[in-house]
Amino acid sequence: MHHQPVLKNRRTLLERAEKFISDIYFTDCNLRGRLYGNTCPLESLSSFLSLKRIPFLEAVKKDFVPYKVGDTFGPTWWTCWFEVSLRIPDAWKGKEVHLLWESDGEAMVWKDGQPFQGLTKEGEKTSYILTECLKDEEPHSVTLYVEMACNGLFGAGNGSMIAAPDPDRKYSVQKAELVVFNRNVRDLLTDFEMLVDIVKLLGEGDQRGYQALFIANEMVNLCEPTNPSTFPKTHNLAQKFFTQRNGQSQHTVHAMGHCHIDSAWLWPYEETIRKCARSWVTVIRLMEKNPEFVFTCSQAQQFQWVKSWYPGLFSQIQHYVQRGQFIPVGGTWVEMDGNLPSGESMVRQFLEGQRFFQQEFGNYCKEFWLPDTFGYSAQLPQIMQGSGITRFLTQKLSWNLVNDFPHNTFFWEGLDGSQVLTHFPPGNSYEMKGKVEDLVNTVKNNKDKGRANHSAALFGFGDGGGGPTQLMLDRLQRVQDTDGLPKVQMSSPDRLFSQLQADSALLCTWTGELFLELHNGTYTTQAQIKLGNRQCETLLHDIEVASSLSLCMDKTFQYPFKQLQELWRLLLLNQFHDVIPGSCIEMVVEDAMRYYQDIRNKGATLLREACSVLVSKEKMRDCTAVFNSLPWERNEVIQLLEGATDPGLALVRVPSVGVATAKESLQPETPVTVAKQDDGTILMENGILRTVVNKDGTLASLYMLKANREAISDGCLGNQFVLFDDVPLYWDAWDVMDYHLQTRKPVMEVVRPIQVGSSGGLRGSVSFTLRISDKSTVTQEIIVDAMCPYIKFNTQVEWRESHKFLKVEFPVRVRSPNASYEIQFGHLQRPTHRNTSWDWARFEVWGHKWADLSEHGFGVALLNDCKYGYSVHLNVLTLSLLRAPKAPDANADMGTHQFTYAIMPHTGSFQDASVIQHAYNLNFPLRLSLASSDLAPVSAFSVDSTAVILETIKQAEDRKDALLIRMYESHGSSVTTCLSTSLPVKEAWYCDLLERPDPDHPAPITASGMTLTFLPFQIVSLLLYL
Ligand SMILES: [Zn+2]
């Protein structure tokens, strides 16, 4: 030890150590300047530019032309392939030699025809290790290929990360050379970096920080950068500090490698396939060198991509999965949005995901993994439990703009009471770097100090891929048990959650949804994606019901299992947490729309084929047959098909889950009347409702005739379009801010005043056009049908705005502190007042097919066929219609939109008034086809309680001679009901959401059907053996 005095000057000591490892200052004499030794140019470098993403074998046959480092190429989204020929100088014997590659795209090294390692400057991967210690006998001449995508880790945003991509960006390779790498310098740098960070992060109040300071200072004294023989003793000093151990009570950080890869976001789906390969092959290389390294990896779809496109890599992954290092997590097909997918979609996320993980890796996932979505449905705990999952990891709620979520480790209780053990990594990141800061934050931010002594730390570049680096592993390895820092162990989700479970007595419980107080514009942005999702969910539902019935009626019918799986997987993919929320670039929107079109086209054929089995084998097809996929009888006005004897409107009655013909229209109890009044307003009435429509399409009155109740608030207008300024703080497509509410402007300018369309009888309708601005208009048809308890608004908007938000309001004569919103397999309440910050932070919320505001005995429901954004403040029900953000898609939502909503006043509760059923009816059109008029009505299923909804009927996954049906209790009540079926069911068994039958739980079938009991919001699945 030197014994010169060390003055009491913390600042100079600290900065001295920092400058000793600076990559900017004093690199001529400091340690950092010694990281690399001699360099040597490549023998040759040539390139080939491709518009498309092509396979390796195709690429290497192309004509490569000489490339000079620094030359630019592009544009964005192209691929540049390089052929790299190099010769390592013999004189470098015994040295570690790297190919140093710095480029501003994302690159992949191919060696011997296989993907070998990712190279991405943004992901701190610029070295390809040619040899760790050059030996005479190893080949010195090597030829490699480098495939470089012309996009960065975060796409190619023009000016800022989330700006629309610059399509003309040029790319280049800035460095491509051989270099001697001094591993001992790297190791010492890591020692220094960790010590300096400890000094800074523990601060002046901590004596351990001072101990680190003096150690680092002494190391600078000892270390002579030009004399490697001084390195070992310098390193030993650091080791002495790092190995001073903690006491037994110290917090344990469970470090897990991770690489969050958005399945599409600022880049298209196709690029994600390569992102997975680049990131994961690099992980495999790290595993070869670090047998303790554990990597967690989610999203079955991404594994499926790698399996199809990189089978060699996939089998290496399978190998490391078996070794317990590469750990598939999450259980879902993609990391989906947590709000918008329907209940059945969420089930399918788990069904497709878990079955994939089981088939490919031999195990179901035990934890749901969704770090990065914009809120979490209150129904998720039950869906997880039903899918074999009892644990949940996320951290996105740390982004809350208003309220700090109070827990990091807790039990999350869902709508039905199901609980899952939940952990939010307290470091509030899923892409840590293994730095001291990450460890300190993990302990400091933990809101369950004293209750939970274990936390997760996920490390590795993420969002755009990238993943962990050797340096991150080296950092964590140094401080596994260093007094003053939490203990760190390389761990797995199973180990973490087992520890948390074992010591969970003090944990708190959070009941209900995990609402994210941010990104609330994502319920509305990219309306065509929302429409595609809703319509395709509906279509796949109907195909499954019709095909199941056909299977029972005609043994020769081939249930389209494979085709349906493909279409479901496309739908599930588009539910990814940057696609369905609309927070993606235009290219992704185009991809998504193509997938929806695929589902619509192929789905239409499948539905037609299934329905044709149901309706007839007769040749004579002169009558419109109507298929009802919903589990209740429906009386609705439909437009009969061309080709039927009497096309036109008809009121039809169709049995539950069944078929009927519409030979002639039923006569409604009360026909619809439409009357133009002296003041220019139009009065429409159907025996249930009477409404008065103003010239500008607003409702002056909406009256329930039998109950003698006016629904519209005194002096107010229903169906009022309103426009808001919608300029968020940063996240354009994502965020609508509270202050937008201060900019409300009613849309009042009439272009075409109301005129009568249908004059009554079975249907009354009026239409009108309003100007929203000089660029945008709305045209609407208001429809009153016979026997229908709601008024329908078929809406078309020409939308060319910038940073505006269009909504429609219904101020109603109802007073209640809470409104109800439909969610997956149920509904929940949210406040209509703004008492506390937790209340007002929910100024814009999500719901599915309906929202309802009720007081005792009366209420009003607002239904929709493709919208998700709602707000109910005091007595005003508002539906969010269209936004106009400009980033990351500069053209988001521009153009023509069509959608329908409906207003339904009711007496009693919304449950008793069948609001839920009517919202289904609005979303699931009766499907029409031509049939013989001899067709007798058929009903396959009926349920005798209106509380229980038979949601799903499909072929079982594992048995061709069985159907899977899924029901849920929708009122929030405990009920016993009878399910009857006309299908030849031999046996029925309860099963979970993965369709695993419970051998102890048959559902006895009696002459009247199956008696089933439900708890509030319970989901019940049955296997019916035919
Ligand atoms: Zn993400």
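The preceding data block contains the structure.
Bear in mind the structure is a predicted one, so any value in this text is a computation, not a measurement. (Residues numbered from 1 in each chain as written. Predicted model: local features only at pLDDT ≥ 70, side-chain atom pairs only at ≥ 80, totals over all residues. Heavy atoms only, no water.)

1. Some words on the coordination of the zinc ion
Right, on to step 1. For the zinc ion, every protein donor is listed as His260 (NE2), Asp262 (OD), Asp372 (OD) and His577 (NE2), and the spread of their distances is 1.9 to 2.1 Å.
Right, on to step 2. For the zinc ion, the four donor atoms in the first shell make angles of 88 to 159° at the metal, so the coordination geometry reads as irregular.
Right, on to step 3. Spacing between the donor residues of the zinc ion along their common chain follows H-x1-D-x109-D-x204-H. Here Asp372, found in the loop between strand 15 (367–369) and helix 10 (380–386), pairs with His577, found in the loop between helix 15 (561–574) and helix 16 (586–615); they are 205 residues apart in sequence, far enough to count as distant. (Donors = N, O, S within 2.8 Å, 3.2 Å for Na, K, Ca; no water. Tetrahedral: all angles 85-135°; square planar, octahedral: opposite > 155°, others 65-115°. Helix = DSSP H or I, 4+ residues; strand = E, 2+ residues; numbered from the N terminus.)

2. Digging into empty space enclosed by the protein
Right, on to step 1. Applying the stated rule across the entire model yields six cavities of 30 Å³ or more.
Right, on to step 2. Roughly 270 Å³ of volume is contained in the largest cavity.
Right, on to step 3. Forming the walls of the largest cavity are 22 residues, and the residues nearest its centre are Ser342, Glu537, Lys849, Phe924 and Glu951.
Right, on to step 4. The set of elements that each furnish at least two residues to the lining of the largest cavity consists of helix 9 (343–361), helix 14 (527–553), strand 38 (818–823) and strand 49 (948–955).
Right, on to step 5. The biggest single contributor to the lining of the largest cavity is helix 14, with five residues.
Right, on to step 6. Across the lining of the largest cavity, the residue classes break down as eight nonpolar, seven polar and seven charged. (1 Å grid on protein atoms, 1.4 Å probe; cavity = no way out; pocket = protein on both sides within 12 Å on 5 of 7 lines; lining within 4 Å. Points joined across faces, edges and corners; volume = space filled by probe spheres on them. Nonpolar A, V, L, I, M, F, W, Y, C, P; charged D, E, K, R; others polar.)

3. Description of the sheet that holds strand 52 (residues 987–991)
Right, on to step 1. Ordered in space as 49-50-56-52-53, the five strands form an open sheet in which the pairing is antiparallel. Only two strands of the sheet have a single neighbouring strand rather than two, namely strand 49 and strand 53 (997–1002). Put simply, the sheet's adjacent strands are angled 35° from each other on average, direction ignored.
Right, on to step 2. Alignment of strand 49 against strand 50 (residues 962–969), held across seven bridges, turns out to be antiparallel. What sits directly across from Ile953, in strand 50, is Ile965.
Right, on to step 3. Against the sheet, helix 9 touches strand 49 and strand 50, its axis set at about 40° to strand 49.
Right, on to step 4. Set on the sheet, helix 14 makes contact with strand 49 and strand 50; between it and strand 49 the angle comes to about 65°. (Pairing = 2+ DSSP bridges. Axes fitted to C-alpha atoms, helices over the stretch in contact; angles between N-to-C directions. Contact = heavy atoms within 4.5 Å.)

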